[in-house]
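So the chains spell out like this:
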Amino acid sequence: MVPISYYLVLSAILFGLGVVAFIFKRNIITIFMAIELMLNAVNLAFVAFSRMLGQLDGQVFVLFVIVVAAAEAAVGLAIVIQIARNQRTLNVERVDTLKF
Amino acid sequence: MSVELIVFFAFAAIAVAGALALILLREPIHSALALVLVMMSIAVLYLLLGAEFIAAIQIIVYAGAIMVLFVFVIMLLNAGEEERTNLSRLAHYAGIPLGIFLTGELAWFIHGVAGKLLSAHAGAVSTRELSTLLFRSYVFPFEATSILILIAILGAIVLAKKEF
């Protein structure tokens, strides 16, 4: 029997690595992947709590998170394509038209 | 050490290694494949938690659909190696310490409250129970997500059109 706290610690570590990737990476597509990593970490915590409490609501929430992540990826990647077309770069530090 | 614990630690290690590879590799396509590795090992952890349906959905939707979309866009835009820039000094010096601090703080907090957590004792969840809950109590949010998906499809098509 694996204690639930192990899953939560793993979830925290993955979320922290996702934040680090979000801040460190400069490629806009990789930054999107970091967001997906954070969502995965949160899903793991949801399922672990659902198991701990013996309620299924957490797993239903995971399904909704996956749906929203799919929608977000579709719209986000369309925006990435548009940025790549207009700015000719994928580096977020070069996309600075709004920067004062 | 029980078998479950060994499986947990093996796949937790793979997940963390994949997340580190996502950060450390410079080619976006390599990062994408590392993320697929993380998602696969998380799916195994879902199986270990008795969430069979979520594990299947994780592989089909996340690793199968979303990551394929990412790989398509990477190949479409011909995204090569990340260029090194020195535009952000703050990230350069404060990034690693702050990242370690955030991760350590979260893990430490969870470790602190772990004694108060109940230990899990439930068998594998049947997909029948899950679908009953989804289509009874959560039927309105479920319908709302269908509208969300529709709007996302329209938005993606409009945004990705050539003449914008």
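Residues numbered from 1 in each chain as written. Chains lettered and ligands numbered in written order. Predicted model: local features only at pLDDT ≥ 70, side-chain atom pairs only at ≥ 80, totals over all residues.

Considerations on the overall build of chain B
Worth spelling out the cut-off: Only runs of H or I of at least four residues qualify as helices and only runs of E of at least two qualify as strands under DSSP, and these elements are numbered from the N terminus. Exposure classification rests on a simple neighbour count of other C-beta atoms within 10 Å of a residue's own: a residue reaching 20 or more is buried, one at 12 or fewer is exposed, and one in between is partly exposed. C-beta atoms are placed from the backbone.
Helix and strand counts for chain B stand at six helices and zero strands. What you see in chain B, going N to C, is helices and strands ordered as α-α-α-α-α-α. In chain B, buried positions account for 23% of the 164 residues.

Describing the overall build of chain A
What counts, and what does not: The size measure is the radius of gyration over C-alpha atoms, and the globule rule it meets is 2.2 Å times the number of residues to the 0.38 power. By the convention adopted here, residues are in contact when the distance between their C-beta atoms, placed from the backbone, does not exceed 7 Å.
The helix and strand inventory of chain A stands at three helices and zero strands. Starting at the N terminus and walking to the C terminus, you meet the elements of chain A as α-α-α. Relative to a compact globule of 100 residues, whose C-alpha radius of gyration would be 13 Å, chain A shows 17 Å and is clearly more extended. Of all 100 residues assigned to chain A, the portion counted as buried reaches 54%. Sequence separation of 24 or more characterises 49% of the internal contacts of chain A that already satisfy a separation of 6 or more.

Some remarks on helix α2 (residues 28-53) of chain A
Inclusion rule: For a helix, the expected span equals 1.5 Å multiplied by the number of residues minus one.
Over its 26 residues, α2 of chain A extends 38 Å from the first C-alpha to the last, a length consistent with the 38 Å expected when each residue adds 1.5 Å. Among the 26 residues of α2 of chain A, 21 are classified as buried, and the element is accordingly described as predominantly covered.

Section: the nonpolar core
As a reminder, the rule being used: Note on definitions: a nonpolar core is a set of buried residues drawn from Ala, Val, Leu, Ile, Met, Phe, Trp, Tyr and Cys, linked by C-beta atoms within 7 Å.
By size, the foremost hydrophobic cluster in this structure holds 68 residues, and its most contacted members are I29, L37 and A48 of chain A. The set of elements that each furnish at least two residues to this core consists of α1 (4-24), α2 and α3 (57-87) of chain A together with α1 (3-24), α2 (28-48), α3 (52-76) and α6 (139-160) of chain B. No other element matches the 14 residues that α2 of chain A contributes to this core. Apart from the residues within four sequence positions on either side, I29 of chain A is in contact with V80 and L90 of chain A together with P28, F70, V73, I74 and A79 of chain B.

Remarks on the interface of chain B and chain A
Rules: By the convention adopted, Pro, Cys, Tyr, Trp, Phe, Met, Ile, Leu, Val and Ala count as nonpolar, Lys, Arg, Asp and Glu as charged, and the other residues, Gly among them, as polar.
Contacts between the two partners involve 72 residues from chain B, matched on the other side by 60 residues from chain A. At the level of secondary structure, the elements contributing two or more residues to the side of chain B that touches chain A comprise α1, α2, α3, α4 (89-113), α5 (127-136) and α6 of chain B. Looking at the side of chain B that touches chain A residue by residue, the classes come out as 57 nonpolar, eleven polar and four charged.

Re the environment of A78 of chain A
All names here are of chain A. Examined against the element boundaries, A78 turns out to sit in helix α3. Judged by local crowding, A78 falls into the partly exposed class, with 19 C-beta atoms found within 10 Å. Sequence separation between A78 and A12 is 66 residues; the distance between their C-alpha atoms is 30 Å.

Considerations on the packing of α3 of chain A against α3 of chain B
Geometry of a packed helix pair, given as the angle between the helix axes and the separation of the axes. The condition that has to hold: Angles run from 0 to 180 degrees between N-to-C directions of axes, and those axes are lines fitted to C-alpha atoms, restricted for helices to the stretch in contact. These descriptions rest on fixed angle ranges, namely under 35 degrees for roughly parallel, over 145 for roughly antiparallel, 65 to 115 for roughly perpendicular, and the rest for oblique.
Their axes nearest at 10 Å, the elements α3 of chain A and α3 of chain B cross at an angle of 5°. Taken together, the axis directions place α3 of chain A and α3 of chain B in an arrangement best described as roughly parallel. Each of Q59, V62, L63, I66, A69, A70, A73, A74, L77, V80 and I81 of chain A in α3 of chain A lies in contact with α3 of chain B, whose residues at this interface are I54, I57, V61, Y62, A65, I66, L69 and V73 of chain B.

Thoughts on unusual backbone geometry
All names here are of chain A. Its identity is not glycine, yet R88 carries a phi of approximately 60°, on the positive side. Along the chain, the position of R88 falls in the segment after α3. Taking the number of C-beta atoms within 10 Å as the measure of exposure, R88 has 8 and is therefore exposed.

Some points on the confidence of the model for chain B
Applied cut-off: pLDDT measures how confident the predictor is about each residue, on a scale from 0 to 100.
Overall, the predicted model of chain B reaches an average pLDDT of 85, with 87% of residues at or above 70. In the model output, the complex is listed with pTM 0.89 alongside ipTM 0.91.

Re the environment of Q59 of chain A
All names here are of chain A. Examined against the element boundaries, Q59 turns out to sit in helix α3. Residue Q59 is classed as buried on the basis of its C-beta count, with 27 C-beta atoms lying within 10 Å. On a C-alpha basis, the gap between Q59 and N43 in space is 8.4 Å, while along the polypeptide they are 16 residues apart.

Things to note about the confidence of the model for chain A
For chain A, the average pLDDT comes to 89, and 100% of its residues sit at 70 or higher. Of all helices and strands in chain A, the one with the weakest mean pLDDT is α1 of chain A (88), whereas α2 of chain A scores best (92).

Regarding the packing of α2 of chain A against α2 of chain B
In the contact formed by α2 of chain A and α2 of chain B, the axes pass within 10 Å of each other and the chain directions differ by 5°. Taken together, α2 of chain A and α2 of chain B sit at an angle that is classed as roughly parallel. Of the residues in α2 of chain B, those in contact with I29, T30, M33, E36, L37, N40, L44 and V47 of chain A of α2 of chain A are P28, S31, A32, L35, V38, M39, I42, L45 and Y46 of chain B.

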